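Here are the chains, one letter per residue:
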Amino acid sequence: GAALRGRGGAAPGGGGGSKAKKKNGRSRGGKANNPPYLPPEAEDGNIEYKLKLVNPSQYRFEHLVTQMKWRLQEGRGEAVYQIGVEDNGLLVGLSEEEMRASLKTLRRMAEKVGADITVLREREVDYDSDVPRKITEVLVRKVPDNQQFLDLRVAVLGNVDSGKSTLLGVLTQGELDNGRGRARLNLFRHLHEIQSGRTSSISFEILGFNSKGEVVNYSDSRTAEEICESSSKMITFIDLAGHHKYLKTTIFGLTSYCPDFAMLVVSANTGIAGTTREHLGLAMALKVPFFIVISKVDLCSKATVERTVKQLERILKQPGCNKLPLLVNSDDDAVTAAQQFAQSPNITPIFTLSSVSGENLELLKVFLNILPPLTNSKEQEELMQQLTEFQVDEIYTVPEVGTVVGGTLSSGICREGENLVVGPTDDGKFLRLKVCSIQRNRSACRVLRAGQAATLALGPFDRSLLRKGMVMVSPEMNPTICSVFEAEIVLLFHATTFRKGFQVTVHVGNVRQTAIVEKIHGKDKLRTGEKAVVCFRFIKHPEYLKIGAKLLFREGVTKGIGHVTDLQAITTKENGLEESLGPGQLSF
């Protein structure tokens, strides 16, 4: 049920609409100018329309509870109830008394399921009756039994100095910035970042919301574990680098950490500059839905902010983007934005805020609190039934723990103590290893499910055998690895012509390696904007790829996107599995 509002026009659905429509034209008595219809209710999805819930019988109550469970499952633990709306989407509205009784019933239902409810907004409906009639929109949230919290990953993009790290610092630390970058000091990972004030690595920050929708962050000197324990929804921000020099790190962050959403930060006083367009293009190419935050509005006049907004709107409406910008100015807008954004990917909410004065920061928090997860429960369950596959994105050595790898579980379930194989090594082999322990968001976790990011401790496994871009899979998977693969690509930009023998850096998921163009099918050369199927060969070592994976390649100013269409597999059976036993290698 897509709650698309703010788009005039009436859906078919019964009488009572015509009068409302006439009055709707002129906004009477300062009431919101709302269309008298919502789209008809959908069977699946997490939005439920209820006309009224006044004193239901026991049997009806049980039925309502079952229905609520279904809606919560559809929304992976979140559901939205529109009260005072008929199933066909007609906005009827309820009197004060009926509304109170309905909300009371809804609370009882939520208690029965073990969920919490928050009223998102109320609004009056303009009918002929003298009694004011209202519609209430309620968010029901329950953390699924098998999870500690709902988890969303948001990648943070934007030009250098647009205020990305500062905004994250303010959101996660809960105190405003002093205008000279104090808020971001806690996010930096390297000394040179603190000195230059520029992010060069990928850092993760967490922001929690409890079941009442209140922010849980580091402000009350909490630790990461405490935030995890008291939140029902966690948002992990992936802070990426804005500087052009670190573009490869940014691409790696977008392809390997699989963010659900991206937040593009634009500074109000500089507008769209530097890598902003490139980051926008990356999000579009990788089909990551994004919203925009215009920061530093305390530094410039209203006119400048408006100019930046107009500039952004112009770019978003271009044929290449085809987005519908939605400027958020009130809580009501933020609620609408969050729902529409999740329903239709071509809507792009725009926030204008300041990390120093704190202006409009609340709206962003409201938006993030309501933002629903993208995949529904069915897709996740299907992924969980497949064999285990974990992408290795980062490798560390931790004293007294041994080798630790960080990354995302792309399918299956991974438990503590499980035996997996990791590879491919430089000569295309897979090595056996055992998962000793799992940590998620800095707190221990027994079971990892598909789509979740975590770090796995591998004990005494030799770190030098690992590299970014490897996968850890269950031994029965018989993984396909290849050095030569074909991909259907579009050349986005190239100075001259793109032909056989050209070398590019290829990014596919967490794989990043230089490859040579072996052959372009049906053509001798490619020019900017042309499509073709191209055969690539990795120059260093074979990699684990999947057909259909999104691919991004670059070399200097050359850029292109596409997807893998065919692999020339090297079977791993011939290579045999190897086990690392200290310095000596033992085959079996």
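Throughout, residues of each chain are indexed from 1 in the direction in which the sequence is written. Side-chain atom pairs in this predicted model are given and counted only at pLDDT of 80 or more, local residue features only at pLDDT of at least 70, and totals for whole chains, interfaces and linings cover all residues. With hydrogens and water excluded, all non-hydrogen atoms of the structure serve as input to the side-chain values.

## Observations regarding the nonpolar core
So, step 1. Buried Ala, Val, Leu, Ile, Met, Phe, Trp, Tyr and Cys residues form a nonpolar core when they are joined through side-chain atoms within 4.5 Å. To sort residues, take the accessible area from a 1.4 Å probe on protein chains only and compare it with the maximum for the residue type: under 20% means buried, over 50% means exposed, and anything in between is partly exposed. By size, the foremost hydrophobic cluster in this structure holds 41 residues, and its most contacted members are Phe237, Met263, Phe291, Leu364, Phe367 and Leu368.
So, step 2. Note on conventions: DSSP H or I runs of at least 4 residues are helices, E runs of at least 2 residues are strands, and numbering of each starts at the N terminus. If one sorts the elements of this core by residue count, helix H11 (residues 361–370) sits on top with 6 residues.
So, step 3. What fixes the domain bounds is an automatic or database domain assignment. Looking at which domains feed residues into this core, each of domain 1 (47–142) and domain 2 (150–374) supplies at least three.
So, step 4. Pairs of residues are marked as contacts when any of their non-hydrogen atoms sit within 4.5 Å. Apart from the residues within four sequence positions on either side, Leu368 is in contact with Leu207, Phe209, Lys233, Ile235, Phe237 and Phe291.
So, step 5. Membership of the second largest hydrophobic core comes to 33 residues, among which are Ile251, Ala262, Phe290 and Ile315.

## Some details on the confidence of the model for the protein
So, step 1. Overall, the prediction assigns the protein a mean pLDDT of 82, with 86% of residues at 70 or greater.
So, step 2. Each residue carries a pLDDT score, the predictor's confidence in it, ranging from 0 to 100. The low-confidence segment residues 1–33 (pLDDT under 50) makes 61 contacts with residues lying over four places distant or belonging to another chain.

## What to know about the state of the cysteines
So, step 1. Criterion for a disulfide: a pair of cysteine sulfur atoms within 2.5 Å. Inspection of the entire model under this criterion finds 0 disulfides.
So, step 2. Just so you know, Cys445 is unpaired, no disulfide at all, and the nearest cysteine sulfur is the one on Cys414, 9.0 Å from it.

## A closer look at the side chain of Ser295
So, step 1. As for its position among the elements, Ser295 is in strand S10 (residues 290–295).
So, step 2. Residue contacts for Ser295: discarding those within four places in its chain leaves Ser162, Val265, Val266, Ser267, Ala268 and Leu353.

## Some details on the sheet that holds strand S5 (residues 150–158)
So, step 1. The strand order across the open sheet formed by 8 strands is S7-S6-S8-S5-S9-S10-S12-S11, and the pairing between neighbours is mixed. The outermost strands of the open sheet, each flanked by one partner alone, are strand S7 (215–216) and strand S11 (324–328).
So, step 2. The rule for pairing is simple: two strands pair if DSSP sees at least two bridges between them. Examined bridge by bridge, strand S9 (residues 261–267) and S10 share 6 bridges and lie parallel to one another. Considered in S10, the bridge of Met263 is made with Phe291.
So, step 3. Angles shown run from 0 to 180 degrees and are taken between the N-to-C directions of axes, each axis being a line fitted to C-alpha atoms and, for helices, limited to the stretch in contact. Each of S9, S10, S11 and strand S12 (347–352) is contacted by helix H9 (residues 302–317), which is oriented at about 160 degrees to S10, the strand it contacts most.
So, step 4. Most of the contacts of helix H10 (residues 331–343) go to S11, to which it runs at about 150 degrees, and overall it touches S9, S10, S11 and S12.

## Focus on the pattern of salt bridges
Charged atoms that come close allow side chains of opposite charge to pair.
So, step 1. Throughout this description, the term salt bridge denotes a Lys or Arg side-chain nitrogen within 4 Å of a carboxyl oxygen of Asp or Glu. Using the criterion set out here, one finds 18 salt bridges in the structure.
So, step 2. As a salt-bridge pair, Glu98 and Lys52 come within 3.2 Å of each other at their nearest N and O atoms. With Glu98 in helix H3 (residues 96–113) and Lys52 in the loop between strand S1 (47–50) and helix H2 (58–74), this residue pair connects regions lying 46 residues apart in the sequence.
So, step 3. Taking relative accessible area as the criterion, Glu98 reaches 21% and is therefore assigned partly exposed.
So, step 4. Of the charged contacts, one joins Asp332 and Arg121 as a salt bridge, the two residues approaching to 2.8 Å between their closest N and O atoms. Residue Asp332 is found in helix H10, and its partner Arg121 is found in strand S3 (residues 116–125); the two are separated by 211 residues along the sequence.
So, step 5. For Arg121, a relative accessible area of 9% corresponds to the buried category.
So, step 6. Residues participating in the shared-partner salt-bridge network are Glu41, Glu48, Lys50 and Arg71.

## A few points about the environment of Thr558
So, step 1. One can find Thr558 in strand S31 (residues 558–570).
So, step 2. Once the C-alpha coordinates of Thr558 and Thr496 are considered, the two residues, 62 residues apart in sequence, prove to be 9.3 Å apart.
So, step 3. If near-sequence neighbours (up to four positions away) are discounted, Thr558 is found in contact with Leu491, Phe493, His494, Phe498, Phe502 and Phe553.

## Some thoughts on the packing of H10 against H11
So, step 1. Running from N to C, H10 and H11 point in directions that differ by 35 degrees, and their axes come no closer than 8 Å. Our pair here, H10 against H11, has a crossing hand that is right-handed. Only Leu363, Val366, Phe367 and Ile370 of H11 make contact with H10, whose side of the interface consists of Asp331, Ala334, Val335, Ala337, Ala338 and Phe341.
So, step 2. Split into classes, the residues belonging to the contact of H10 with H11 amount to 9 nonpolar, no polar and 1 charged. Crossing handedness is defined as follows: a turn of the near helix away from the far one that is anticlockwise and smaller than a right angle gives a left-handed crossing, while the clockwise case is right-handed. The classification used treats Ala, Val, Leu, Ile, Met, Phe, Trp, Tyr, Cys and Pro as nonpolar, Asp, Glu, Lys and Arg as charged, and all other residues, Gly among them, as polar.

## Some thoughts on the packing of aromatic side chains
By convention here, two paired aromatic rings are described through the distance between centres and the angle between planes.
So, step 1. For this analysis, a ring pair means two rings from Phe, Tyr or Trp (six-membered ring only for Trp) whose centres lie within 6.5 Å, classed as stacked if their planes differ by under 30 degrees, edge-to-face if by over 60, and tilted for the remaining angles. Following the criterion strictly, the structure yields 11 aromatic pairs and no others.
So, step 2. A ring pair is formed by Phe291 and Phe367, whose centres lie 4.9 Å apart and whose planes are at 65 degrees; its orientation type is edge-to-face. With Phe291 in strand S10 and Phe367 in helix H11, this residue pair connects regions lying 76 residues apart in the sequence. Like Phe291, the residue Phe367 is buried in the burial classification.
So, step 3. Residues Phe351 and Phe367 carry aromatic rings whose centres are separated by 4.9 Å and whose planes lie at 65 degrees to one another, so their mutual orientation is edge-to-face. Taken together, the residues span a long stretch of sequence, with Phe351 in strand S12 and Phe367 in helix H11 at a distance of 16 residues. Like Phe367, Phe351 is buried.
So, step 4. Grouping aromatic residues by their ring pairs yields a cluster made of Phe485, Phe498, Phe502, Phe536, Phe538 and Phe553.
So, step 5. Counted as over-ring charges are cases with an Arg CZ or a Lys NZ within 6 Å of the ring centre that also lie within 35 degrees of the ring normal. Between Arg108 and the ring centre of Phe61, over which it is positioned, the NZ or CZ distance is 4.2 Å.

## With respect to H10
So, step 1. Given the number of residues in a helix, its expected span is that number minus one, multiplied by 1.5 Å. Here H10 spans 19 Å end to end across 13 residues, near enough to the 18 Å set by a 1.5 Å rise per residue.
So, step 2. Taken residue by residue, H10 has Ala334, Val335, Thr336, Ala337, Ala338, Gln339, Gln340 and Phe341 as its buried positions.

## Observations concerning unusual backbone geometry
So, step 1. A cis amide bond links Gly423 to the next residue, Pro424, at an omega of -5 degrees.
So, step 2. Backbone geometry at Arg76 places phi at a positive 50 degrees, although glycine is not the residue there.
So, step 3. In this structure, Arg76 sits in the loop between H2 and strand S2 (78–83).

## What about the environment of Gly562?
So, step 1. Tracing the sequence through the fold places Gly562 in strand S31.
So, step 2. Spatially, the C-alpha atoms of Gly562 and Val508 are 9.8 Å apart, while their sequence positions differ by 54 residues.
So, step 3. Beyond its immediate stretch of four places on either side in the chain, Gly562 contacts Glu488, Ile489, Ala549, Lys550 and Leu551.

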